[in-house]
Amino acid sequence: MKRIFLLLIRGYQKGISPFFPPSCRYYPTCSHYTYTAIERFGIIKGSLMGISRLLRCHPLVKGGYDPVPDHFSLQRNLRKYDGKRK
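Worth saying up front: this structure is predicted, and the values here are computed from it rather than measured.

Let us look at the side chain of Arg53. Examined against the element boundaries, Arg53 turns out to sit in helix 3 (residues 43-56). Setting aside its immediate chain neighbours within four residues, Arg53 contacts Cys24, Tyr26, Tyr27, Pro28, Thr29, Cys30, Tyr33 and Asp66.

Written out as structure tokens, the structure reads:
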């Protein structure tokens, strides 16, 4: 089941997303964030984290660096960007 969710996200990233201008206010993008969250925390927790991230992505938010946290959380990860990716 987890593979199906990850394949759907990959399909979106490669088949649908390129046809729209970049609009995500966060880095990494919301789809990459959700993909990583599902890989790390499973379908239920990862999907909840992805939905929470999508709800935070709106014109009134500043955005910026928001990686998937090391522990399950529905809040924004306030860790500073040090130039290195994990």
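A word on helix 3. Between its first and last C-alpha, helix 3 extends 20 Å over 14 residues, near the 20 Å set by a 1.5 Å rise per residue. Inspection of helix 3 places Gly46, Ser47, Met49, Gly50, Ser52, Arg53 and Arg56 among the buried residues, and these make up the whole buried set. Among the structural elements, helix 1 (2-16), strand 1 (26-27) and helix 2 (30-41) are those in contact with the buried residues of helix 3.

Attention now goes to the side chain of Arg56. Tracing the backbone shows Arg56 in helix 3. Beyond its immediate sequence surroundings of up to four residues, Arg56 is in contact with Tyr26, Tyr33, Val61, Asp66, Leu74, Gln75 and Arg76.

Under the 1.5 Å per step criterion, the end-to-end length of helix 2 is 16 Å for twelve residues, consistent within 8% with the ideal 16 Å. Among the residues of helix 2, those classed as buried are Cys30, Ser31, Tyr33, Thr34, Tyr35, Thr36, Ala37 and Ile38. Next to the buried residues of helix 2 lie helix 1 and helix 3. Positive backbone phi, at 95°, marks Gly42, one or two positions downstream of helix 2.

Thresholds, definitions, all that
- Residues numbered from 1 in each chain as written.
- Predicted model: local features only at pLDDT ≥ 70, side-chain atom pairs only at ≥ 80, totals over all residues.
- Heavy atoms only, no water.
- Helix = DSSP H or I, 4+ residues; strand = E, 2+ residues; numbered from the N terminus.
- Contact = heavy atoms within 4.5 Å.
- Expected span 1.5 Å × (residues − 1).
- Buried < 20%, exposed > 50% of the residue type's maximum accessible area, 1.4 Å probe, protein only.

In short, geometric facts, not functional conclusions.
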